[in-house]
Amino acid sequence: MPNLLRRTGSDDQFGSTPLELFYDLVFVFAVTQVSHLLISHLTWDGAGQAAVILLVIWWAWQYTTWVMNELDPESNLVQLLLIGLMLASMLMAIAIPEAFGDRALLFATSYVVIQVGRHTFLTFVAAPPGSHERHRAAPILIWFCASGVLWIAGGIATGPARTALWLAALAIDYVAPLFIYWVPGRLRVRSEDWQVSTSHFTERFGLFVIIALGESIVVTGATTSELNLNVATVGAFAIAFLSTAAFWWLYFTSVSQLWQQALETTAHRTELARDAYTYGHVLIIAGIILAAVGDEIVITRTTQDLTHAELTALVAGPTIYLLAQAALRYRITHTLSPRRLTGAAVCILVGIAGSGQPALAVGGLLLAVLAALVTADLIVASQR
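Now for a description of the structure that goes with this document.

About the cut-offs
- Residues numbered from 1 in each chain as written.
- Predicted model: local features only at pLDDT ≥ 70, side-chain atom pairs only at ≥ 80, totals over all residues.
- Heavy atoms only, no water.
- Salt bridge = Lys/Arg side-chain N within 4 Å of Asp/Glu carboxyl O.
- Helix = DSSP H or I, 4+ residues; strand = E, 2+ residues; numbered from the N terminus.
- Buried < 20%, exposed > 50% of the residue type's maximum accessible area, 1.4 Å probe, protein only.
- Patch = residues over 30% accessible without salt bridge, like charges linked within 9 Å, V, L, I, M, F, W, Y side chains within 5 Å.
- Areas by Shrake-Rupley, 256 points an atom, 1.4 Å probe, with all protein chains shown as cover.
- Arc of directions from axis to C-beta.
- Contact = heavy atoms within 4.5 Å.
- Axes fitted to C-alpha atoms, helices over the stretch in contact; angles between N-to-C directions.
- Left-handed = near helix turned anticlockwise from the far one by under 90°.
- Nonpolar A, V, L, I, M, F, W, Y, C, P; charged D, E, K, R; others polar.

1. Some points on the pattern of salt bridges
Counted according to the given criterion, the structure contains eight salt bridges. Of the charged contacts in the structure, one is a salt bridge between Arg 204 and Glu 20, with a shortest N-O distance of 3.5 Å. With a gap of 184 residues between them, Arg 204 in helix α7 (residues 198-225) and Glu 20 in helix α1 (residues 18-40) connect regions that are remote in the sequence. Like Glu 20, Arg 204 is buried. Among the salt bridges present, the one from Arg 136 reaches Glu 70, with a minimum N-O distance of 2.4 Å. Of this pair, Arg 136 sits in helix α5 (residues 132-156) while Glu 70 sits in the loop between α2 (44-68) and α3 (76-94), and the two are 66 residues apart along the sequence. By relative accessible area, which is 15% here, Glu 70 ends up buried. Three or more residues are tied together by salt bridges with common partners; here these are Glu 20, Asp 24 and Arg 204.

2. Notes on a nonpolar patch on the surface
On the surface, Leu 87, Met 90, Leu 91, Ile 94 and Leu 106 cluster together into a nonpolar patch covering about 390 Å² of accessible area. Take Leu 87: it is sitting in helix α3.

3. A short note on helix α9 (residues 256-265)
Taken together, the buried positions of α9 are Ser 256, Trp 259, Ala 262 and Leu 263. Here the buried residues of α9 occupy an arc of 125 degrees about the axis, which is enough to place them on one side. When the buried face of α9 is taken as reference, the exposed residues oriented beyond 90 degrees from it are Gln 257 and Thr 265. Tucked into the core, α9 has its buried residues touching α7, α8 (231-252), α10 (269-300) and α11 (308-333).

4. Here's the deal with the environment of Trp 259
Locating Trp 259 in the fold gives a position in helix α9. Spatially, the C-alpha atom of Trp 259 lies 26 Å from that of Tyr 181, the residues being 78 residues apart in sequence. When sequence neighbours within four positions are dropped, the list of residues in contact with Trp 259 reads Tyr 251, Tyr 277, His 281, Ile 284, Gln 325, Leu 328, Arg 329 and Ile 332.

5. Re the packing of α2 against helix α6 (residues 159-175)
Viewed as axis vectors pointing N to C, α2 and α6 meet at an angle of 35 degrees, and their least axial separation amounts to 11 Å. Once α2 is placed against α6, the crossing between them reads as left-handed. Contact residues: α2 offers Val 52, Leu 55, Val 56, Trp 58, Trp 59 and Tyr 63, while α6 offers Leu 167, Leu 170, Asp 173 and Tyr 174. For the contact of α2 with α6, the per-class residue count stands at nine nonpolar, no polar and one charged.

6. A few points about unusual backbone geometry
Residues apart from glycine generally show negative phi values, whereas peptide bonds are mostly found in trans. You will see that Ile 180, though not glycine, has its phi angle at about 50 degrees, which is positive. Looking at the secondary structure, you find Ile 180 in the loop between α6 and α7. Phi angles above zero are rare outside glycine, and His 334 is one such case at about 60 degrees. Along the chain, His 334 falls in the loop between α11 and α12 (338-353). According to the relative accessible area criterion, His 334 is exposed, its value standing at 58%.

Printed below as a string of structure tokens:
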């Protein structure tokens, strides 16, 4: 069997490969499916279902990123693995609109195939018997098999039973890294057993942020193109586009490089990668997806008063995005982010004051908050 693992040292750095970028295209579609599901079911039940689905597709994507940090992307077998994961991910994304309905079993089965299939390959094909890599991969496979039973059972069940089974399965998946995949009777895996290439790791997670922002651009363009253009519509389009640009600016010019530097210099790289990227970044993605929903609301209801659900969705996007950045800064640097926290608080005030106001006015105020934060970041950066 050829060596399927990367031939790199602990400090070697590398970037994404064309196949990984190709793999990401499936998740462009998946993120679009989540935002469309939410906009068509703008209720608390719909928000809960969209949240579960987002957590599922995020968990499938980010585990593949961790694994590709280890595997040799030039190996034909690894390339076939990634293409197979793409196929299963595409089926999972296709099932999203009816994930809690007629396509529940397809959604759950596709997810289990992704997680169990990938780590079966890593454990028994890529990792030689008795190797350090197999010792590290096998417990993860065991955890995925355990949660997979609940995922499949939930796909077969209906109503509240499905929801309960899936929430239990999701809880198992999400707590597993916190326990470092402890399995009774097996030698414990240590966090130091993973070697993270910071350049590849941070680039991959930054690319998923681009995927989510790209979905906002698609929503903005597609929604506007279907409407009659007038001053209000063009103004709403400009607000939506500039808000997405501000999201990009606040991540890629203000914090992403600082977080990468912190990951490179920390003595606890695996724990920081797990907390700040595996867990923390899903909140950033959630904020962007909600902002995309808000963009559609602003464009389609420019001069109309917003319902409570629409106003909540519109304000929640930038609020969650800013709070997520503040939380990540605290985890990474153990310092507060007064600008992000203040911006989130002002967004909430805009939501309170925006009751009974047209979408264009609320969207404009939220853009003003984001623009003020971008300006403040630029001033601070110039002073440094």
